Amino acid sequence: MFKKILIANRGEIACRVIKTARKMGITTVAIYSDADAQALHVQMADEAVNIGPAPSAQSYLVMEKILQACLDTGAQAVHPGYGFLSENSRFCEMLADNDIAFIGPKTHAIEAMGDKITSKQLADDAGVNTIPGFADVLENGEHAVEIANRIGYPVMLKATAGGGGKGMRIARNDAECREGFERASNEARSSFGDGRMFAEKFIEEPRHIEIQIIADAHDNIVYLNERECSLQRRHQKVIEEAPSPFLDETTRKAMGEQAVALARAVQYQSAGTVEFIVDKHRNFYFLEMNTRLQVEHPVTELITGVDLVELMIRVADGETLPISQSDVTINGWAIESRVYAEDPVRNFLPSTGRLVYYRPPEDDDNVRVDTGVYEGGEVSMFYDPMIAKLITHGKDRSDAIRHMRMALDRFLIRGV
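Residues numbered from 1 in each chain as written. Predicted model: local features only at pLDDT ≥ 70, side-chain atom pairs only at ≥ 80, totals over all residues. Heavy atoms only, no water.

Caption draft 1: Representation of helix α8 (residues 174–192) within the structure. In this model, α8 (19 residues) spans 26 Å end to end at C-alpha, consistent with the 27 Å of a helix rising 1.5 Å per residue. Near the N-terminus of α8, the side chain that reaches the backbone nitrogen of A175, with its oxygen 3.2 Å away, is that of N173. Downstream of α8 by one or two residues, G193 has phi in the positive range, about 70 degrees. (Helix = DSSP H or I, 4+ residues; strand = E, 2+ residues; numbered from the N terminus. Expected span 1.5 Å × (residues − 1). Polar contact = N/O pair within 3.5 Å; in protein donor to acceptor, adjacent residues only side chain to side chain.)

Structure follows, in structure tokens:
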């Protein structure tokens, strides 16, 4: 087992990984920018290394600095969390070249699933349901109109390198298609450095449901049921729950088996999520695969009793999965609420500042709070404004909602 790991992230996910590593007897190294010198994850870790100025492009995204931190501290592995370098295949290769383990999937899986066109083609080949559409690159606005008429409106125009709602437009006629192509392509080029677009049928009344998988290096792959993430704002998830109130056992099994088939097609190792769009008739279609831990992973942990971070670490160290598909059950219901420092008056823009008062509800059998802040700490303008994730568990959905309401009422936050 690894003796020392470095967490290449910040905030609540860095704190979460440190807690699990500590439980496993593993020493941890935190990295931090100038803005995070007093951050909670820095205080919790056994060691901490400053990697540069506050902007993430000069600190958390600088692979060479993180590699040097590993070499200087003797860290044997890196847990990337989510965001930042968690799906960067070059970072994965850089670590491998220096005999440092990446606690995540291998390079070829990251690359294959990171491109939406390639991943859809692989899904087709693996027998996974995909949304009808044009899986090649659109040449220009007129080509987009031609393809849209072939598919049938409404269509969704999507950037192949997109994410977080950027580089996406719904078109219901030719004019919207031309304009949407130009706007989405420019947005994707600005955000991701890649303006390539493709098109697919837009599913009316969709549900966003994802399957959590975990896989080892010995060809064992298990799906840990589903999460529903349909409650979103600007294509960003706000409330997540497990299981989905919409699925039946037959659909759950079919989605899980297709997620496993796709993971096997790319020799996947580690935790990953296969996202699907599900229509009102429970027809489901592959959307994308996230080759990392998801923000909403705690709801899966609470209904299955599985520590996903621990399994990621064990799999990266070459261990065999300690569970099989028959071991996976659904115990009650879990809901995650994201608690953000945002201003609803200003269209939910980030609201930064010092947390002059911060008292989250205490953890118990029904309440879990994953947080990366503390009273007196700063919510920085440089990073995501999430203060905490509140996860509640109940014997059924109503019970989980009841615990969520009470726990949200107990949150006391002032200063942002």
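Moving on from the coordinates now.
Caption draft 2: Broad picture of the sheet that holds strand β5 (residues 101–102). Strand order in the open sheet made by the 5 strands is β3-β2-β1-β4-β5, with parallel pairing throughout. At either margin of the open sheet sits one strand with a lone partner, and together these are β3 (47–50) and β5. As paired elements, strand β2 (residues 27–32) and β3 share 4 bridges and run parallel to each other. Looking across to β3, one finds that A30 is bridged to A48. (Pairing = 2+ DSSP bridges.)

Caption draft 3: Spotlight on a negative patch on the surface. Among the surface-exposed residues, E93, D97, D99 and E111 lie close enough to one another that they form a single negatively charged patch. Structurally, D99 is set in the loop between α4 (89–97) and β5. (Patch = residues over 30% accessible without salt bridge, like charges linked within 9 Å, V, L, I, M, F, W, Y side chains within 5 Å. Areas by Shrake-Rupley, 256 points an atom, 1.4 Å probe, with all protein chains shown as cover. Salt bridge = Lys/Arg side-chain N within 4 Å of Asp/Glu carboxyl O. Lys, Arg positive; Asp, Glu negative; His and termini not counted. Charge placed at Lys NZ, Arg CZ, Asp CG, Glu CD.)

Caption draft 4: Quick look at the sheet that holds strand β20 (residues 367–371). Taken in spatial order, the 8 strands line up as β14-β13-β10-β11-β12-β15-β22-β20 in an open sheet, and their pairing is antiparallel. Unpaired on one side and paired on the other, β14 (284–290) and β20 mark the two borders of the sheet. Each neighbouring strand pair of the sheet contributes to a mean axis angle of 25 degrees, computed without reference to strand direction. Where strand β10 (residues 207–215) lies against strand β11 (residues 221–233), 6 bridges are found, and the strand directions are antiparallel. Across the sheet, residue I213 finds its bridge partner in β11, namely Y223. (Axes fitted to C-alpha atoms, helices over the stretch in contact; angles between N-to-C directions.)

Caption draft 5: Examining the layout of surface pockets more closely. In this structure, the second largest pocket occupies an estimated 240 Å³ of space. In this structure, the second largest pocket is lined by 14 residues; those nearest its centre are R16, K19, T20, D307 and R368. Secondary-structure elements contributing two or more residues to the lining of the second largest pocket are α1 (11–23) and β20. Element by element, the count of residues in the lining of the second largest pocket is highest for α1, at 6 residues. Split into classes, the residues belonging to the lining of the second largest pocket amount to 3 nonpolar, 2 polar and 9 charged. (1 Å grid on protein atoms, 1.4 Å probe; cavity = no way out; pocket = protein on both sides within 12 Å on 5 of 7 lines; lining within 4 Å. Points joined across faces, edges and corners; volume = space filled by probe spheres on them. Nonpolar A, V, L, I, M, F, W, Y, C, P; charged D, E, K, R; others polar.)

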